Amino acid sequence: MLDFLGSLERTHLCGDLRAANAGQQVVVMGWVNRRRDHGNLIFLDLRDRSGICQIVLDKELTPDGHLKGEQVRPEYVVAAVGKVSLRDADAINPKMPTGEIEIEATELRVLNDARLAPFSPSEEAIQNEETRLKYRYVDLRRPEMQRNFRLRHEITLAVRESLSKQGFLEIETPILTKSTPEGARDFLVPSRVHPGEFYALPQSPQIFKQILMISGFDRYFQIARCFRDEDLRADRQLEFTQVDLEMSFPRREHVFAVVEQFCAAAFAAAGVTLTTPFPRITYDESMRQHGTDKPDLRLPGLTDVRAAFTDAALATLQIDPALPVVALRVPKVGELSRKEREDNHPLFDKKKGAKFIDDFKRLAKSFPEAATKVRELAGAADEDFVIVVAGDPAHPVKASDTKFEGRLSEREINVYSAAGSFRTELAKKYAEKHGAFVVTENAVQNADPRSAGKAIDGSAAFQPIWIVDFPMFEYDLASGKWMPAHHPFTAPYEADMANLISDPASVRADCYDLAMNGLELGSGSIRIHRKDVQQQIFQSLGMSDEEARARFGFFLDALEYGTPPHGGIALGLDRIVMLLTGAPSLREVIAFPKTAKAIDLMADAPTTVSEQQLKELHIRVALKS
Ligand code: ASP
């Protein structure tokens, strides 16, 4: 028989009780984490979101409570009434914050029973993830998950507070709207009222936030849900949350300052200090030094080792002399056997027209000086594993040469990025050996969100960097045309505007990315605020005037009614939380995520719908049987 809550009122949270509470009469409520039956004494570990405390049911003190204690099982919901008492010295559990006390119950109410779930929140080992997602309500009871979402809350709150203090207004934008181009597929929602017409869920609030600038709000932000129908990865979900902002009359410096301030506040909320201002690197330099536009500064960069090779050596090694020759270094890996090296080969992206040399012994046999010089240039210690990556003349990639003074060509970028992604993959694989990520793991473990004012130094553990000066256009192999590389509202550099049509390869975009520890945290730009420029960009996307009008007519109109120069950025909130919790996947920081197959296992979505619903929506499903 279950008991009613009646007029019973909770006095304390389980995890808050300490020795100082000894002697007090308390009422606690929660879930039975574990139960131990010692005959006349039954011990219940009672759990709520604050932690766990021990309840003692003594047959003499509470025969009725003891009887109920015999019946309760893990995850039953109970209320315990009793007195806090100090445990005997030998019963103190130093591992539990409440380990010095227990509650001598005088009454136990069983508020609800519980079916046996396939796993218990008290288990520490990670369960089969599908089961965790199906029984998400049980999974979310786990202390680790409770901690993730508490932290998420603190971080979100800090971001809101910081932006509000910096003069930003939080304004909501529609979910049922029109397509916003962010490079993904739209989710469409059929209109019942307008047969054959569809709303799109926003890929971002981009157009609306720009219109809010036209509307004179000056500084807008939103913790905004975005929807993008793309393939899922550990750091990608169909719907995710951005800290989205836009401001009027800014230069990018102003955007950076705003972001650095709210990021510092977010990290401080998690107990970590971030050093500001964040360093910057141009896109070209980032490619040269790291082979990626989201560098992980905890790892050694790439080194240009072209000088280590004579032209004759490059010819013998069949290396393209016109392309970069770089070395990557994985510290402390030691020498790898042939088998181990071969196991790593699938990690190299062969589609980039690049090749690699990872057999240093062999290189040293034919080109001893080159081999020594490469290691010297790369600053490699004896136990560091070094690989040379270079252009492969046998597998050239069809790509453009931008021919723009001081800019990297597409083919150079290909070689750098082959080296960069090989470096990232190997760094992941040999993480235990080189230990470069340990500093972050330690920071995550030691940071205490509640220790306000005593935050730990995060400068080595969390390394943000701005990437600036991206090219405005990318060469599209399929069409042989230069296409905008960013969303079409990104402004070109004012100084490069004259070359938009005549020399697209030379035009830089006034946009910026923020990366941290190899993860892209966000991107933004100064926007186009003139209709003529906006139309040119739509044209360069191959969009006719009619198509541009059909898709963005409202926006083009708005641009004509007094648009201030404006710019902004959006940062992935889930990713920030992922970094600060040390979670391996976004699914650990989103309460109800989808699986890699885009399924909500708990709610069982997506599903078919009734004929009636389809009819109302004027939709007929054409499925091949
Ligand atoms: N809307 C952009 C995005 O979602 C961010 C921005 O340009 O502000 O990536």
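Anything mentioned here points back to the structure above.
Thresholds applied
- Residues numbered from 1 in each chain as written.
- Predicted model: local features only at pLDDT ≥ 70, side-chain atom pairs only at ≥ 80, totals over all residues.
- Heavy atoms only, no water.
- Phe/Tyr/Trp six-rings, centres within 6.5 Å; stacked < 30°, edge-to-face > 60°.
- Buried < 20%, exposed > 50% of the residue type's maximum accessible area, 1.4 Å probe, protein only.
- Lys NZ or Arg CZ within 6 Å of the ring centre and 35° of its normal.
- Helix = DSSP H or I, 4+ residues; strand = E, 2+ residues; numbered from the N terminus.
- Axes fitted to C-alpha atoms, helices over the stretch in contact; angles between N-to-C directions.
- Parallel < 35°, antiparallel > 145°, perpendicular 65-115°, else oblique.
- Left-handed = near helix turned anticlockwise from the far one by under 90°.
- Contact = heavy atoms within 4.5 Å.
- Pairing = 2+ DSSP bridges.
- Core = buried A, V, L, I, M, F, W, Y, C linked by side-chain atoms within 4.5 Å.
- Near = heavy atom within 4 Å.
- Polar contact = N/O pair within 3.5 Å; in protein donor to acceptor, adjacent residues only side chain to side chain.
- Areas by Shrake-Rupley, 256 points an atom, 1.4 Å probe, with all protein chains shown as cover.
- Nonpolar A, V, L, I, M, F, W, Y, C, P; charged D, E, K, R; others polar.
- Salt bridge = Lys/Arg side-chain N within 4 Å of Asp/Glu carboxyl O.
- Expected span 1.5 Å × (residues − 1).

Under the counting rule described, the total for this entry stands at 14 aromatic pairs. Centroid distance Tyr135 to Tyr137: 6.3 Å. Interplanar angle 80°. Geometry classified as edge-to-face. Take Tyr137: its relative accessible area is 46%, and that puts it in the partly exposed class. Taking the ring centre of Tyr135 as reference, the NZ or CZ of Lys134 above it sits at 5.8 Å. The lysine or arginine in question, Arg375, covers the ring of Phe360, its NZ or CZ lying 5.7 Å from the ring centre.

Turning our eyes to something else, we now look at the environment of Glu130. Structurally, the position occupied by Glu130 is in helix α2 (residues 129-134). With a relative accessible area of 53%, Glu130 lands in the exposed category.

Our next topic: the packing of helix α5 (residues 206-214) against helix α16 (residues 545-559). Contact pair α5 / α16: the axes reach a minimum separation of 10 Å and the direction vectors enclose 20°. Classed by the angle they form, the pair α5 and α16 counts as roughly parallel. α5 and α16 meet at a crossing whose hand is left-handed. In contact with Ile207, Gln210, Ile211 and Ile214 of α5, α16 contributes Phe552, Phe554, Phe555, Ala558 and Leu559.

The antiparallel open sheet is built from four strands, whose spatial order is β13-β14-β16-β15. Both edges of this open sheet fall to β13 (303-304) and β15 (354-357), since each of them pairs with a single strand only. The sheet contact formed by β15 and strand β16 (residues 385-391) spans four bridges and is antiparallel. Looking at β16, one finds that Phe356 is bridged to Val389. This element, helix α11 (residues 368-377), spans β13, β14 (325-330) and β16 of the sheet and lies at about 105° to β16.

This part takes up the environment of Asp16. Inspection of the secondary structure puts Asp16 in the segment before β1 (25-38). A residue is classified by how much of its surface remains accessible, and Asp16, at 45% relative accessible area, is partly exposed. Between the C-alpha atoms of Asp16 and Thr98, which are 82 residues apart in sequence, the distance is 7.3 Å. In this structure Asp16 touches Asn21 and Ser50, once residues within four positions along its chain are discounted.

Moving on: the nonpolar core. Counting 88 residues, the largest nonpolar core has Val389 and Phe462 as its most contacted members. If near-sequence neighbours (up to four positions away) are discounted, Phe462 is found in contact with Phe267, Val272, Leu274, Thr440, Ala443, Val444, Met516, Asn517, Leu579 and Leu580.

Our focus in this paragraph is the site of the ligand. Neighbouring residues of the ligand: Glu182, Ser204, Gln206, Lys209, Arg228, Gln242, His487, Ser523, Gly524, Arg527, Ile569 and Ala570. Here an oxygen atom of the ligand sits 2.7 Å away from a polar atom, N or O, in the side chain of Lys209. Surface burial for the ligand is 94%, taken as the share of its 270 Å² of free accessible area covered by protein chains. Put simply, the parts of the chain that give the shell around the ligand at least two residues each are α5, β22 (519-526) and β23 (566-572). Of the residues assigned to the shell around the ligand, the class counts are two nonpolar, six polar and four charged.

Scanning the model with the defined rule gives 41 salt bridges in all. A salt bridge links Glu154 to Arg150; the shortest N-O distance between them is 3.6 Å. Residue Glu154 and its partner Arg150 are located together in helix α4 (residues 143-165), separated by four residues, close to a single helical turn. Owing to a relative accessible area of 26%, Glu154 belongs among the partly exposed residues under this scheme. According to the relative accessible area criterion, Arg150 is partly exposed, its value standing at 42%.

Let's shift gears to α4. Spanning 23 residues, α4 covers 33 Å between terminal C-alpha atoms, matching the ideal 33 Å at 1.5 Å per step. Of all the positions in α4, only Met145, Asn148, Leu151, Arg152, Ile155, Thr156, Ala158, Val159, Ser162 and Leu163 are classed as buried. For α4, the elements touching its buried residues are α2, α3 (136-139), β9 (219-227), β10 (239-248), α6 (252-269) and α17 (573-581). Gly167 sits one or two residues past α4 and shows a positive phi near 90°.

The analysis is restricted to geometry; functional conclusions fall outside its scope.
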